[in-house]
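These are the residues of each chain, in order.
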Amino acid sequence: GENVEQHPSTLSVQEGDSAVIKCTYSDSASNYFPWYKQELGKRPQLIIDIRSNVGEKKDQRIAVTLNKTAKHFSLHITETQPEDSAVYFCAAPRGSSNTGKLIFGQGTTLQVKP
Amino acid sequence: GAVVSQHPSWVICKSGTSVKIECRSLDFQATTMFWYRQFPKQSLMLMATSNEGSKATYEQGVEKDKFLINHASLTLSTLTVTSAHPEDSSFYICSANQGWGGPYEQYFGPGTRLTVT
C-alpha cells in the first residue's frame, strides 16, 4: 500500500485482443490486491482480487498476477468485448495496521473498439 | 449479497447550505464504512473511515468540521457536508466492508453527485 502507481492511463484495443494493466506498490507488507471496474457515473465494482499467498488468480476472461518480489500486480483481460470498456482501478492496503483502508491507483481508461 | 445503497443519488444545493448523504449496507452488517470523493476523471480519494459507535477517522487534509460523519448503526453511516461551497461539488461514494473475506474487501455504494451552486 501507501503508494500505488498504475499504468497505462489509457488503453485502446481491438475487440478480441487482450488488455493488460499494471500496478506497482511500495509497501512490501501489503497482502491484498483488488481490481475494480467503474463505468461512467457508476459505482466501482470489484471484479477480481488476489491475496499475497498466491501468484495468480483467474476468473473466466480476467486474471490477476502478483509478483511480490518486484511489488507489482497486473490485470489481464482476454478476448476483450466492447462492454469491457470502462475505467479500471487497482488498489492495495493503506498502512500497516488492519484498518481496511485501501489506496487506489490513478485508473486506466480501457476502450475496446468493435 | 454485499449490496450498499446511497441516498440521494444526486443533489443540487446552494452555497452555504448543508447536505446529508446516507450510506446503507442492505444485506449485511458493516462495522466499518469508508467515504470517498472522486473528481471527474480522477481516482477515488479516501476522506474518512467510519466505525459504528465511535468517532470517524479523517484523512490528512480533510476538514472534520466540514464533513461530519455519523455511523449510527451497523447498517447506516451518514456524511453531512456543512456550509457547502462550489469547490465541494464532486461525486461522493461510500463503501462498506463485509467482514467475511478480511478487512480490505470493500463494496461500494452507487455514489452521490453533489453540485453546489
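Provided above is the structure to which this section pertains.
Everything numeric here is computed off the predicted structure, so don't read it as measured data.

The rules we used
- Residues numbered from 1 in each chain as written.
- Chains lettered and ligands numbered in written order.
- Predicted model: local features only at pLDDT ≥ 70, side-chain atom pairs only at ≥ 80, totals over all residues.
- Heavy atoms only, no water.
- Helix = DSSP H or I, 4+ residues; strand = E, 2+ residues; numbered from the N terminus.
- Contact = heavy atoms within 4.5 Å.
- Salt bridge = Lys/Arg side-chain N within 4 Å of Asp/Glu carboxyl O.
- Buried < 20%, exposed > 50% of the residue type's maximum accessible area, 1.4 Å probe, protein only.
- Disulfide = S-S within 2.5 Å.
- Core = buried A, V, L, I, M, F, W, Y, C linked by side-chain atoms within 4.5 Å.
- Pairing = 2+ DSSP bridges.
- Axes fitted to C-alpha atoms, helices over the stretch in contact; angles between N-to-C directions.
- Phe/Tyr/Trp six-rings, centres within 6.5 Å; stacked < 30°, edge-to-face > 60°.

## A look at the side chain of Ser74(A)
Phase 1: Assignment of secondary structure puts Ser74(A) in strand β8 (residues 72-77).
Phase 2: With near-sequence residues (within four places) excluded, Ser74(A) lies in contact with Val20(A), Ile21(A), Lys22(A), Trp35(A), Ala63(A), Val64(A) and Thr65(A).

## Points about the pattern of salt bridges
Phase 1: All chains considered together, the criterion is met by eight salt bridges over all chains.
Phase 2: Here Glu39(A) makes a salt bridge to Lys37(A), at a shortest N to O gap of 3.7 Å.
Phase 3: Classification of Glu39(A) as partly exposed rests on a relative accessible area of 35%.
Phase 4: Arg94(A) serves as the salt-bridge partner of Glu59(B), at 3.0 Å between the closest nitrogen and oxygen. Of this pair, Glu59(B) sits in the loop between β6 (57-58) and β7 (67-73) while Arg94(A) sits in the loop between β9 (86-93) and β10 (102-104), on two different chains.
Phase 5: One connected set of salt bridges, linked through shared partners, spans Arg94(A), Lys101(A) and Glu59(B).

## Observations regarding the state of the cysteines
Phase 1: All told, the structure shown has two disulfides over all chains when counted by the stated rule.
Phase 2: Through a disulfide, Cys23(A) is tied to Cys90(A); the S-S separation comes to 1.9 Å. Where Cys23(A) bonds to Cys90(A) through sulfur, the torsion about that S-S bond is close to -95°, and the disulfide is left-handed. Taken together, the residues Cys23(A) in strand β3 (residues 19-25) and Cys90(A) in strand β9 connect sequence positions 67 residues apart. Comparing Cys23(A) with Cys90(A), the two get one shared label, buried.
Phase 3: Linked covalently through their sulfurs, Cys23(B) and Cys94(B) form a disulfide whose S-S length is 2.0 Å. Across the S-S bond linking Cys23(B) and Cys94(B), the dihedral sits near 80°, which makes this disulfide right-handed. Of this pair, Cys23(B) sits in strand β3 (residues 19-25) while Cys94(B) is found in strand β9 (residues 90-97), placing the two residues 71 residues apart along the sequence.
Phase 4: We classify Cys23(B) as buried; its relative accessible area is 0%.
Phase 5: Note on Cys13(B): no disulfide assigned, nearest cysteine sulfur contributed by Cys94(B) at a separation of 18 Å.

## Comments concerning the nonpolar core
Phase 1: Counting residues in hydrophobic clusters, the biggest one holds 26 residues, and the most contacted among them are Trp35(B), Tyr58(B), Phe67(B), Ile69(B), Leu79(B), Tyr92(B) and Leu114(B).
Phase 2: Elements supplying a minimum of two residues to this core: β2 (10-13), β3, β4 (32-38), β5 (45-51), β7, β8 (76-81), β9 and β11 (112-116) of chain B.
Phase 3: Counting residues in each nonpolar core, the second largest holds 24 residues, with Ala19(A), Cys23(A), Phe33(A) and Cys90(A) among its members.

## As for the sheet that holds β3(A)
Residues and elements named next belong to chain A.
Phase 1: Judged by pairing direction, the sheet is antiparallel, and its five strands sit side by side in the order β1-β3-β8-β7-β6 without closing on themselves. Of all the strands in the sheet, just β1 (4-7) and β6 (56-59) have a single pairing partner and so form its edges. Along the sheet, successive strands turn relative to each other by an average axial angle of 15°, direction set aside.
Phase 2: As paired elements, β3 and β8 share six bridges and run antiparallel to each other. Pairing of Cys23 across the sheet is with Phe73, part of β8.

## Points about the packing of aromatic side chains
Residue and element names in this part refer to chain A.
Phase 1: Applying the stated criterion across every chain yields a total of ten aromatic pairs over all chains.
Phase 2: Between Tyr36 and Phe104, the aromatic rings sit 5.7 Å apart at their centres with planes inclined by 50°, giving tilted as the arrangement. Here Phe104 lies in strand β10 and Tyr36 lies in strand β4 (residues 32-38), a separation of 68 residues in the sequence.
Phase 3: Residue class for Tyr36 comes out buried when judged on its relative accessible area of 0%.

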